[in-house]
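Here is how the chains run, residue by residue.
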Amino acid sequence: MGLADGASAAVLGAPGSGKTTTIVELVADRVLERGWDPRSVLVLTSARTAAARLRDLIAVRLGVPTDGPLARTAPSLAYEIVGVTARAAGETPPRLVTGAEQDADLAALLDGHLATGSGPDWPEPLTPDVRRTARFRSELRDLFARATEQGVDPRRLRDLGRATGHPEWVAAGEFLDEHLDVVASARPEQRDPAELARLAIATLDAGGGGERVAGLRLVVIDDLPEATEATLGLLAALARRGIPVIAFGDPDVATNAFRGGEPDALGRLASVLGVPDIPTLVLEHTHRPNTAIRAFTGSITERIGTAAAGGQRRAVADRTPTPRPPLARIEAPTAARTAAVIARALREEHVLHGVPWSRLGVIVRSGAAVPGLARSLALAEVPTRTGGGGLALRDDAAARALLAVVEAGTGRLELTAEVAADLLTGPFGGLDPIGLRRLKIALRTEEALAGGMRPSGELLVEALAAPGRFATIDAPVARTAERLAGTLHALRTADATATAEELLWLAWERSRLAGPWRAHALGGGVAAAEANRDLDGIVGLFAAAKRFAERRPDVAASEFFAELRDTDVSEDLIVPTRSDDAVLVTTPSGAVGLEFDTVVVAGLQDGAWPNRRPRGTLLAPQALARALDGDDGVLDERRLVLDDELRMFALAVSRARDRVLLAAVVNDDESRSVFVDLLPPDTPVLAEAPPLTLRGTTGRLRRLLTSRGIDPRTRAAAASSLARLAELGVPGAHPDDWHGLLAPSSDAPLFEGLQVPVSPSRLERFEESPLDWFLETIGGSSSTTLMDVGTILHWAMETAESPDADAVWARVEKRWGELLFESPWLAEHHRRSARVLADGIAAYLGDFAASGGSVVGAEKKFELEVDRATVRGTIDRVERAADGSVVIVDLKTGTPVTNQAKIDATAQLGAYQLAYRAGLFDDVLADLGEHRPGGAKLLYVKSGVDGKRYREGVQAPLGEEGLEAFRERIRQVAIGMAAASFEGVLEVGGYGLGAVPELRLHRVGAVSGE
């Protein structure tokens, strides 16, 4: 405050020492106390979000009208300087290219080189596969930016590469030359931030810059250690115009060093600005952290080089810790359980200690980890919001789904069977997997009735491409699909000049999702968090489309979609900040300038944080500045990387006022980071505990109330608590909401006074377990892929025109498209298995034809009355041998049964023999001459015996005694099936493959009681 009007200064301040407050008061002093024009003071920050926060703070503090923002970023200032000068000269102002656009341009040029075999001669490590990666393009952008900042043109870059033994720079120089030519011819006004900074510096040195620069009396810059060479050059140009610069920051928490930031810039400010005798001021007290957190932060920063500073490390904390432990560890064996402990700790802060959600923060090293952790916390009933700018729009689920609809409708995305399924099961299709399956079955049924054999995927594509095709299917799933088909048609027929924003709006408006998502977002819980994230993605997509149309009005909408799909860089957008009370999940760079009461630093795994992998290993962009300075000394790159990692960790920890929790997964395969070991030895570990939620509390109380071995007093307390929760309307607290406690809807017999239908294939199932028979018969059993394959093989055996293996397989292939598989490899597996089965069928048919027998009937239906039982079934095959014996064949595609006793007791074969002996097949046998019973057999085609590709399980012909015994067996089963209750074993055998989860569900004690 006491500095003279024309004085520059460097201000060092540890985290929480009041740097932001000092900046605000510094501006207020110059404007309100010294009477300066507000436009004469300019505050620069390292990021847009920080500029927006600081701009609001300054505006509130000044309380006077201002002409334009008083806080902005350095690229924003450079853009204004160059733009004002261009307009004054009657030229077109430059257009700032975004990182996403630049990434797309580089990807297109690289792909062109790879497709044609042209382009620079890249050295051996940089193979075509490497040059296709996002990491290579990222280092290429970084190298070009640093070259521009240093004034290195393509020719000089090549010369430096040859002189310093960097062949990758030689190739990059050739590539940069071509890239600049392409951009200059296609978009001559386009400039990246580094180019704008160079132009702005040249403009300032030439005396230009417009009225804004001419009226400046002071420039204040926050977080100077985050500044790149371009920003430092801009500040030096301002200083050369006689404008004083006061810079603030702390080199110990700079997070931008690996992107070209200069952590030591504050310590050498005089040389940076070219102004001698600049004083260095130090803020000696910290007001945010308590003494324990301040000491922990100091133990981290003391391991980092001073970066030409260091006085800020002596700052003393003014606050003492609260009674709760200020430092703690969270360790659990899995990521899910670690997230559960984090959620419990955050809910304790909010529920038990009254800390607002917005005063709680979770910081992870990488932006890729943010969405997953935010979702895990939201599922644990912790409301979350995420820092923007970390995720490419194409990777946001909601934005990606809307993009897919528009691209499929406009033809940029081919509508294949897979794409159609994804669209229908996405948020804009509205179907779940079961609904999609029903829709496919309905389409296949119509196709079969029309005599066609096209697969369901092809039918789905055809229906979505032709509005009205679903009208013949009277089902909700068809009406839902028809709405998507109408949207795709509307997009196909949209005006060719429609902008990307207009196409997106067309699809969004027709989806009818705005109302439901808004309602969910205004609610609470997991659904609200999901809806908020989805709406954020949609808003970000529309903002990107609007900005694209404003900046490139003459370019087709398809270019916008191409850029979004082709780039791995997130859009840098200004979108409204979420103001709801929620926990922020972000990265260290997203936490710059923020503070929280409690901070959880998560993902502290060995090898992940710190990530000691050297940066720039492909193109070495960080070595360019040293090469220009003639510095050929060997630097310890890993030491520099570790310093960067320590700075990010120190920044994350220093955001907290009261508590810091360090979280890691610890098991036999994963270990915690060495950063966790920086905690004091007596730091407590937070134990895993039940969720501190109403849902978790309700579940725990219900468990106490219903478990065995609980003392009466505890059980009574649990019942009382549940009663109170039920009064408050907590879901699941009242016994009326509990599964398995409702009275049976009926205790009447299942078939009272009616004939009992008995299926031969289900008779043995009832004898094994009446309960399972009831559940599968009444509740229904789901069809499996193996069952569907078996159906096709049965049909192939029935309709094959010859016993030749290829003829049988041709029948199988005719209907193979009807099957639905979850993945290509699974389809191939079943296809190979089916071929083996088809060969077995063909071998049997060939042997039967050679024996001189004849087929009496195939897929022969029958119905037989046995007292109260009505036996109904379908026989696969009825054969008459050359000797007149009639044998009934049942095809089996599963594992053979070789136990003769089991074959003799097979109910299906017995029922078929009973049908024959009842004369149900005499009408078709009459024309074939004399016949006699030949028994029945199971035909297994999965594996053979005695050199054959099949094997038979033969049941001998039943005599009168055997037939009567089987009739009695049917009578007893019918009596059991007609009963009012059904017994079954408590435990169901078989986990994994072949297990039936529906049967296990009804035996779970928590659901059905004891």
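Residues numbered from 1 in each chain as written. Predicted model: local features only at pLDDT ≥ 70, side-chain atom pairs only at ≥ 80, totals over all residues. Heavy atoms only, no water.

1. Examining the sheet that holds strand E2 (residues 41–45)
Ordered by their spatial adjacency, 6 strands build an open sheet running E3-E2-E6-E7-E1-E8, and the pairing between neighbours is parallel. Looking at the sheet topology across the chains shown, the edges are occupied by strand E3 (71–73) and strand E8 (280–283). If you compare each strand with its neighbour and ignore which way they point, the axes differ by 25 degrees on average. With 4 bridges joining them, E2 and strand E6 (residues 218–221) adopt parallel strand pairing. Across the sheet, Leu44 pairs through a bridge with Ile221, a residue of E6. Sheet strands in contact with helix H2 (residues 48–62) are E2 and E3, and its direction is about 170 degrees off that of E3. Each of E2 and E3 is contacted by helix H3 (residues 74–88), which is oriented at about 90 degrees to E3, the strand it contacts most. (Pairing = 2+ DSSP bridges. Helix = DSSP H or I, 4+ residues; strand = E, 2+ residues; numbered from the N terminus. Axes fitted to C-alpha atoms, helices over the stretch in contact; angles between N-to-C directions. Contact = heavy atoms within 4.5 Å.)

2. A word on the pairing of strand E15 (residues 596–601)
When you tally the buried positions in E15, you get 6 out of 6 residues, the bulk of the element. For strand E12 (residues 360–363) and E15, the ladder comprises 4 bridges, and the chain directions are parallel. Bridged to Gly361 within E15 is Val599. Note: E15 against strand E16 (residues 656–665), 5 bridges, orientation parallel. Along E16, the bridge assignment pairs Thr598 with Arg659. (Buried < 20%, exposed > 50% of the residue type's maximum accessible area, 1.4 Å probe, protein only.)

3. Some words on the packing of aromatic side chains
As enumerated under the stated definition, the model contains 17 aromatic pairs in all. With a centroid separation of 6.0 Å and 90 degrees between ring planes, the pair formed by Phe862 and Tyr912 is classed as edge-to-face. One end of the pair, Phe862, is in strand E19 (residues 854–866); the other, Tyr912, is in helix H35 (residues 907–917), and 50 residues separate them in sequence. For the pair Phe862 and Tyr912, a shared accessibility class is recorded, and that class is buried. Of the aromatic side chains, those joined through ring pairs into one cluster are Trp122, Phe136, Phe144 and Phe175. Taking NZ or CZ as reference, Arg30 lies 5.7 Å from the ring centre of Trp36, over its face. For the cation-ring pair, Arg815 lies above Trp795, with the distance from its terminal atom to the ring centre recorded as 5.1 Å. (Phe/Tyr/Trp six-rings, centres within 6.5 Å; stacked < 30°, edge-to-face > 60°. Lys NZ or Arg CZ within 6 Å of the ring centre and 35° of its normal.)

4. Examining the sheet that holds E15
Taken in spatial order, the 7 strands line up as E13-E14-E12-E15-E16-E11-E17 in an open sheet, and their pairing is parallel. Looking along the sheet, the strands with just one partner apiece sit at the ends: strand E13 (384–386) and strand E17 (685–686). Strand direction decides the pairing type here: strand E11 (residues 327–332) and E16, joined by 6 bridges, are parallel. Counterpart to Arg329 in the pairing with E16 is Leu662. Contacts from helix H14 (residues 335–352) reach E11, E12, strand E14 (583–586), E15, E16 and E17, with the element oriented near 165 degrees to E16.

5. Observations regarding the side chain of Lys440
Within the secondary structure, Lys440 is located in helix H18 (residues 433–449). Excluding its chain neighbours within four sequence positions, the residues that come into contact with Lys440 are Ser456, Leu460 and Leu820.

6. Comments concerning the nonpolar core
Within the largest apolar cluster, 54 residues are counted, with the highest numbers of intra-cluster contacts made by Leu424, Leu439, Leu464, Phe470, Leu504, Phe560 and Phe561. Sorting the residues of this core by element identifies helix H16 (397–410), helix H17 (417–425), H18, helix H19 (456–465), helix H20 (476–492), helix H21 (500–511), helix H23 (525–551) and helix H24 (557–566) as the ones contributing at least two each. For this core, the leading source of residues is H16, giving 9 residues. Apart from residues lying up to four places away in sequence, Leu424 is in contact with Gly429, Gly430, Leu431, Leu436, Leu439, Leu460, Leu464, Ala481 and Leu484. (Core = buried A, V, L, I, M, F, W, Y, C linked by side-chain atoms within 4.5 Å.)

7. Notes on the environment of Glu262
With respect to the element layout, Glu262 can be found in the loop between strand E7 (245–249) and helix H12 (269–273). Not counting residues within four places of it along the chain, the set of residues in contact with Glu262 comprises Leu224, Pro225, Ala227, Glu229, Leu232 and Arg268.

8. A few points about the UniProt feature "binding site: ATP" (unreviewed entry) in the protein chain
Feature annotation in UniProt assigns "binding site: ATP" (unreviewed entry) to the following positions: Gly13, Ala14, Pro15, Gly16, Ser17, Gly18, Lys19 and Thr20. Following the sequence through the fold, Ser17 ends up in the loop between strand E1 (9–13) and helix H1 (19–33). Judged by relative accessible area, which is 4%, Ser17 ranks as buried. In this structure Ser17 touches Leu283, His285, Thr286 and His287, once residues within four positions along its chain are discounted. Within the local environment of Ser17, its side chain forms a polar contact with the backbone oxygen of Ala14, the two atoms lying 2.6 Å apart. Along the polypeptide, Lys19 turns up in helix H1. Every residue in contact with Lys19, bar those within four places of it in the chain, is listed here: Gly13, Ala14, Phe248, Gly249 and Leu283. (UniProt positions renumbered as here; feature names shortened; annotations may be inferred. Polar contact = N/O pair within 3.5 Å; in protein donor to acceptor, adjacent residues only side chain to side chain.)

9. Some thoughts on the packing of helix H29 (residues 760–768) against helix H37 (residues 960–977)
For the pair H29 and H37, interaxial distance at closest approach is 10 Å and the crossing angle is 65 degrees. Looking at the two axes, H29 sits roughly perpendicular to H37. As H29 runs across H37, the sense of the crossing is left-handed. In this structure, H29 uses Leu763, Glu764, Phe766 and Glu767 to contact H37, whose residues at the interface are Arg969, Ile970, Val973, Gly976 and Met977. For the contact of H29 with H37, the residue count by class is 5 nonpolar, 1 polar and 3 charged. (Parallel < 35°, antiparallel > 145°, perpendicular 65-115°, else oblique. Left-handed = near helix turned anticlockwise from the far one by under 90°. Nonpolar A, V, L, I, M, F, W, Y, C, P; charged D, E, K, R; others polar.)

10. Quick notes on the confidence of the model for the protein chain
Scored by pLDDT, the protein chain has a mean of 85; 93% of the residues are at 70 or more. Counting contacts from residues 990–995, a segment whose pLDDT is below 50, to residues more than four positions away or on other chains yields 3 contacts. In this model, residues 1006–1010 is a region of pLDDT below 50 whose contacts with residues beyond four sequence positions or in other chains number 9 contacts. (pLDDT = per-residue confidence, 0-100.)

11. Thoughts on the packing of helix H13 (residues 291–301) against helix H26 (residues 637–653)
A pair of packed helices is captured by two measures, namely the crossing angle of their axes and the spacing between those axes. The interhelical angle for the contact between H13 and H26, taken along N-to-C directions, is 175 degrees, at an axis separation of 9 Å. Taken together, the axes of H13 and H26 lie roughly antiparallel to each other. Residues Ile293, Phe296, Thr297, Ile300 and Thr301 of H13 lie in contact with H26, whose contacting residues are Leu646, Phe649, Ala650 and Val653. Split by residue class, the contact of H13 with H26 holds 7 nonpolar, 2 polar and no charged.

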